[in-house]
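Here are the chains, one letter per residue:
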Amino acid sequence: MSPQMIDRLWHAFLDTLTMVGASTFIALAAGIPLAVFLVMSAQGGLIQAPRANRLIGGLINGFRATPFVVLMVALLPFTRLVTGTTIGVWAAVVPLSISATPFFARIAEVSLREVDHGLIEAAQAVGCRRWHIIRHVLLPEALPGLVGGFTITIVSMIGASAMAGVIGAGGLGDVAIRYGYQRFDTTVMLVVIAILIVIVCAVQFAGDFAVRRLRAR
Amino acid sequence: MNTAFFDAAFEVPHRTPERVRNDAVSTEAPPSKGASGSVRFEAVRKTYLSSAGPVDALKGISVDIPAGTIFGIIGRSGAGKSSLLRTVNRLERPTDGRVLVDDEDVAALDEDDLVRLRRRVGMIFQHFNLLSAKTVFANIALPLVVAKVPREDIRQRVADVLKLVGLEGKENTYPSRLSGGQKQRVGIARALVSRPQILLCDEATSALDPETTLSILKLLKDINRRLGLTIVLITHEMSVIREICDEVLILEGGEVAESGDVWQVFGNPRHEATRALLAPLSRGLPADLAELIRPAPLDGQPCRAIVELSFTGTGDNELDLARISTALGIGARLVQSDLDRIQGHLSGRILMNVPYRNDLAAVISNPLLANHTRIVGYVAADD
C-alpha cells in the first residue's frame with residue numbers, strides 16, 4: 001500500500017469516527033428523553049398520555065421503517081437547512097443521527113420498562129416526585145441495559161456510516177467501495193474490513209465490560 | 001440491639017408521638033396540627049376493571065387505627081388487604097369512601113401535600129424494593145436527598161437509623177450482597193429515616209425464613225414501643241399477628257370478617273375465615289387418640305372421657321391447676337396443652353383424660369373451670 005493510501009485510510013478512519021461519534025452522541029442525548037417519555041406516557045405509566053405516546057411511537061416507527069440510504073436522500077432538504085450543505089461528513093451526521101435516535105430510543109425504552117415496578121412504588125412511597133423517580137430509579141436501575149443498547153447503536157451506526165459515501169462524506173466504507181471494489185484493490189478492501197472488525201470488537205468489548213461492571217454491583 | 005441506640009439515634013429518651021411530629025422532615029411545611037399517626041378508613045371501596053369485568057377488591061371497609069398501635073390486617077390472598085394498605089399513602093386511590101390520616105383526607109391532597117404525607121408515612125415491602133444501583137447508604141438517604149435535607153444532616157441521620165436497625169458498617173455495600181433479613185433492615189431504615197409517624201408493612205416478613213422473621217418482628221415492635229410509631233402491617237400469617245399486633249382486622253372477600261384486640265380474636269374467633277387462618281396455629285386431636293376415641297361412653301366397662309377446656313382470655317389469666325384437678329376428680333390427667341399468653345390473656349385449650357362418671361357433663365359446665373368445656377369423646381379405661 002502506498003503512503004497516500006495509508007494517509008487516505010487514516011482520514012477515512014477519522015471521518016468514520018466523527019460521523020459515528022457525533023451521531024451516536026446525538027442519539028444518546030435525544031434517545032434517552034424519548035425513551036423516558038415513552039415509558040412514562042404509556043398506559044399505567046407515571047404521566048399517562050396515551051395519545052402523545054402513540055404519536056411519538058408512530059413517528060419512531062416511521063423513521064425506523066425507512067432504510068438508511070433512502071432516509072439519507074429523503075432528508076437532503078432538511079440536511080441543507082441544518083448544515084448548509086448536502087455533502088461531507090457533517091451532512092452525513094444529520095441523517096445518521098435521525099436514524100440512530102429512534103433506534104436507540106426503542107432499545108432504551110425496553111430497558112427502562114424492565115425496571116421493577118416495585119422500585120418505582122417504593123420511591124413514590126418515600127416522597128419522590130416524577131423527576132426524582134427518573135433520576136434516582138429509572139435511569140440508574142436501567143443503566144446496564146442502556147449501556148448495552150448504546151453499544152448496539154454504535155455498532156449499527158458504524159455500518160450505516162459506510163453508506164455515507166453516497167453523499168460524499170467519506171469514511172472507511174467509502175474507501176472500501178471506491179478503491180477496494182471499483183478499482184479491484186483487494187488489499188485496501190481487506191485492510192478496511194480488518195479495521196472495521198477491530199473497531200466493532202473494541203466497541204463491543206468496552207460495552208460488555210461496562211455492563212459487566214455495572215451488573216456486578 | 002440495646003436501648004441506648006434508640007435514645008442516641010433519636011436524641012430524646014422517651015419520645016412521645018408529639019415529639020416525633022416536631023422532628024419530622026422539616027424542609028417543607030410541617031405536618032398539620034395534631035398529627036400523631038392515626039388512620040381511619042371510612043366505607044372504603046375499590047373496584048378494579050379487569051378483562052373479565054369489574055372486580056370489587058374492597059367492599060366498604062370502615063375501621064379506626066389508633067395512633068401508636070401495631071395494627072394487623074390479615075386475610076387469605078385476594079382478600080384485599082394489600083389494596084387497603086396501599087390506600088393509606090395513596091399508592092392506590094379508593095374508588096369510593098375516604099381514608100383519613102390524622103383527620104386529613106388522603107384523596108384530597110394535591111401533589112405537594114401528598115409528597116409531604118408520604119414523608120410522614122413510611123413503607124416496607126415483601127420484596128424489599130431496594131435500588132440495586134445504589135449502596136445501602138444511598139438507598140437509605142434517598143428520602144432525605146429528594147427532600148433536600150442538608151448533606152451533613154443526611155449523613156448523621158442515615159448513621160442513626162443504620163444503628164437502629166443493627167447494620168452499622170454496611171453503608172457502602174450494595175443490596176445484592178445482603179441477606180434477606182439485612183435487606184429488610186435496610187428497607188426499614190429507609191422507611192424510618194424521614195421520621196414518620198406511621199409505618200406500613202406490606203407482607204414485610206413473607207419472604208424471610210422463620211428465624212429472620214422473628215428478628216424483624218422484634219425490631220418492628222421495639223420501634224413501635226420506642227418511637228411511638230403506628231405500625232399497620234398486612235400478612236397472611238396469624239403467627240405474625242400473634243407475635244406483635246395489638247389489634248387485628250380480618251379481611252375476607254373485600255369485607256371485614258371481624259376485628260378487635262388480638263387476644264379476643266384469637267381466644268374467640270367468630271368468623272369462619274378467622275378460624276381458617278388460625279387453624280395452622282392450633283393443634284388438632286392427637287392422631288393416636290383420634291383412633292381410640294368413641295363418640296359415646298362404653299357400655300358395661302369402665303371408661304374415661306377426653307375433656308377439652310378452652311380459654312378465650314376473658315377469665316383468669318393464669319390456669320388454676322388445683323381447681324381443675326379438684327373438679328375433675330382423682331385420676332385426671334393432662335393429655336395435651338395448647339395454651340398461649342397473648343397480650344397478657346390466657347388463650348388456647350387443654351385436653352384432659354378423666355375417669356368417666358355420670359355427672360361429668362354437669363361438673364365441667366362450671367364456668368370457673370374454663371370459658372368453654374366439652375367432652376370430646378370416650379376411651380376405654382386403661383387402669
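Residues numbered from 1 in each chain as written. Chains lettered and ligands numbered in written order. Predicted model: local features only at pLDDT ≥ 70, side-chain atom pairs only at ≥ 80, totals over all residues. Heavy atoms only, no water.

Visitor: Where do I start with the overall build of chain A in this structure?
Guide: Each helix and strand counted, chain A has 9 helices and 0 strands in total. Listing the helices and strands of chain A from first to last along the sequence gives α-α-α-α-α-α-α-α-α. Considering only C-alpha atoms, chain A reaches an extent of 65 × 40 × 25 Å along its principal axes. Long-range pairs, those at least 24 residues apart, make up 73% of the contacts in chain A with a sequence separation of at least 6. (Helix = DSSP H or I, 4+ residues; strand = E, 2+ residues; numbered from the N terminus. Contact = heavy atoms within 4.5 Å.)

Visitor: Would you explain the UniProt feature "domain: ABC transporter" (unreviewed entry) in chain B in this entry?
Guide: When the UniProt feature table is mapped onto this chain, "domain: ABC transporter" (unreviewed entry) is found at residues 39–278 of chain B. As a span, residues 39–278 of chain B carries 38% helix and 28% strand, and end to end its C-alpha atoms are 26 Å apart. (UniProt positions renumbered as here; feature names shortened; annotations may be inferred.)

Visitor: Looking at this structure, how should I read the interface of chain B and chain A?
Guide: Interface size is often expressed as the accessible area that is lost when the parts come together. Facing the 26 residues of chain B at the interface are 19 residues of chain A. Summed over both sides, the interface of chain B with chain A buries roughly 2,000 Å², with 53% coming from carbon and sulfur. Linking chain B with chain A are 2 salt bridges, by the criterion used here. The partner of Arg129(A) in a salt bridge is Asp112(B), and the shortest N-O contact between them spans 2.8 Å. The set of elements that each furnish at least two residues to the side of chain B that touches chain A consists of helix H4 (111–120), strand S6 (121–125) and helix H5 (136–146) of chain B. Broken down by class, the residue content of the side of chain B that touches chain A amounts to 13 nonpolar, 4 polar and 9 charged. (Buried area = accessible area lost by both parts, 1.4 Å probe. Salt bridge = Lys/Arg side-chain N within 4 Å of Asp/Glu carboxyl O. Nonpolar A, V, L, I, M, F, W, Y, C, P; charged D, E, K, R; others polar.)

Visitor: Please clarify how unusual backbone geometry should be interpreted in this entry.
Guide: Working note: non-glycine residues mostly have negative phi, and peptide bonds are mostly trans. For Phe184(A), which is not a glycine, the phi torsion comes out positive at approximately 55°. Among the residues examined, Phe184(A) registers a relative accessible area of 70% and is labelled exposed. Even without glycine at this site, Phe128(B) takes up a positive phi of about 70°. With respect to the helices and strands, the residue Phe128(B) is situated in the loop between S6 and H5. (Buried < 20%, exposed > 50% of the residue type's maximum accessible area, 1.4 Å probe, protein only.)

Visitor: When you look at the sheet that holds strand S14 (residues 372–380) of chain B in this model, what are you seeing that I'm missing?
Guide: What links the strands of a sheet is backbone hydrogen bonding, and the strands pair in either a parallel or an antiparallel sense. Residue and element names in this part refer to chain B. Taken in spatial order, the 4 strands make up an open sheet running S12-S13-S11-S14, and their pairing is antiparallel. In this open sheet, the two strands that pair with only one neighbour each are strand S12 (333–342) and S14. Put simply, the sheet's adjacent strands are angled 10° from each other on average, direction ignored. Here strand S11 (residues 303–311) pairs with strand S13 (residues 345–355) via 8 bridges, running antiparallel. For glutamate 308, the partnering residue across the bridge sits in S13 and is leucine 351. (Pairing = 2+ DSSP bridges. Axes fitted to C-alpha atoms, helices over the stretch in contact; angles between N-to-C directions.)

Visitor: Is there a simple way to think about the pattern of salt bridges in this case?
Guide: A side chain of one charge can pair with a side chain of the opposite charge when the charged atoms of the two come close. Residue and element names in this part refer to chain B. In the structure shown here, the tally under the stated rule is 24 salt bridges over all chains. Where arginine 76 meets glutamate 252, a salt bridge forms, and the shortest distance between an N and an O atom there is 2.9 Å. With arginine 76 in the loop between strand S3 (70–75) and helix H3 (81–86) and glutamate 252 in strand S9 (residues 247–252), this pair connects stretches of sequence that are 176 residues apart. We classify arginine 76 as partly exposed; its relative accessible area is 32%. Judged by relative accessible area, which is 24%, glutamate 252 ranks as partly exposed. Among the salt bridges present, the one from aspartate 113 reaches arginine 116, with a minimum N-O distance of 2.7 Å. In this pair, aspartate 113 and arginine 116 are both assigned in helix H4, 3 residues apart and thus about one turn of the helix distant.

Visitor: Explain a nonpolar patch on the surface to me, please; I cannot follow it from the model alone.
Guide: A cluster of nonpolar side chains, Trp10(A), Leu14(A) and Leu17(A), forms an exposed patch at the surface whose accessible area comes to about 280 Å². Classification of Trp10(A) as partly exposed rests on a relative accessible area of 47%. (Patch = residues over 30% accessible without salt bridge, like charges linked within 9 Å, V, L, I, M, F, W, Y side chains within 5 Å. Areas by Shrake-Rupley, 256 points an atom, 1.4 Å probe, with all protein chains shown as cover.)

Visitor: Would you mind showing me how to read the confidence of the model for chain B here?
Guide: Should the pLDDT be low somewhere, the predicted coordinates at that spot are not to be read in detail. Overall, the prediction assigns chain B a mean pLDDT of 88, with 91% of residues at 70 or greater. Low pLDDT, under 50, characterises residues 1–34 of chain B; the predicted model gives this stretch 64 contacts beyond four residues in sequence or across chains. (pLDDT = per-residue confidence, 0-100.)

Visitor: Is there a simple way to think about helix H8 (residues 172–181) of chain A in this case?
Guide: Residues spaced three or four apart along an α-helix face the same direction, because each turn holds 3.6 residues. Within H8(A), 7 of the 10 residues are buried, which leaves the element mostly enclosed by the surrounding structure. Among the residues of H8(A), those classed as buried are Leu172(A), Gly173(A), Asp174(A), Val175(A), Ala176(A), Tyr179(A) and Gly180(A).

Visitor: Could you clarify how one ought to interpret the environment of His271(B) in this entry?
Guide: Residue and element names in this part refer to chain B. Secondary-structure assignment places histidine 271 in the loop between helix H10 (262–267) and helix H11 (272–278). According to the relative accessible area criterion, histidine 271 is partly exposed, its value standing at 27%. Through-space distance from the C-alpha of histidine 271 to that of alanine 257 is 6.2 Å; in sequence the pair is 14 residues apart. With sequence-adjacent residues up to four places away left out, histidine 271 is seen in contact with Glu252, Ala257 and Glu258. Side-chain polar atoms of histidine 271 contact the backbone nitrogen of alanine 273, separated by 2.9 Å. (Polar contact = N/O pair within 3.5 Å; in protein donor to acceptor, adjacent residues only side chain to side chain.)

Visitor: I keep staring at the pairing of strand S7 (residues 198–202) of chain B and nothing clicks. Help me out?
Guide: Every regular strand shows the same layout, with side chains that alternate between the two sheet faces. Residue and element names in this part refer to chain B. Counting buried positions along S7 gives 5 out of 5 residues, so the element sits mostly inside the fold. Here S7 shows two buried faces, one formed by Ile198, Leu200 and Asp202 and the other by Leu199 and Cys201. Sheet topology note: the S6/S7 ladder contains 5 bridges and is parallel. Its bridge partner being in S7, isoleucine 124 is matched across the sheet by cysteine 201. The pairing of S7 with strand S8 (residues 230–235) spans 5 bridges and is classified as parallel. Within S8, the residue paired with aspartate 202 across the bridge is isoleucine 234.

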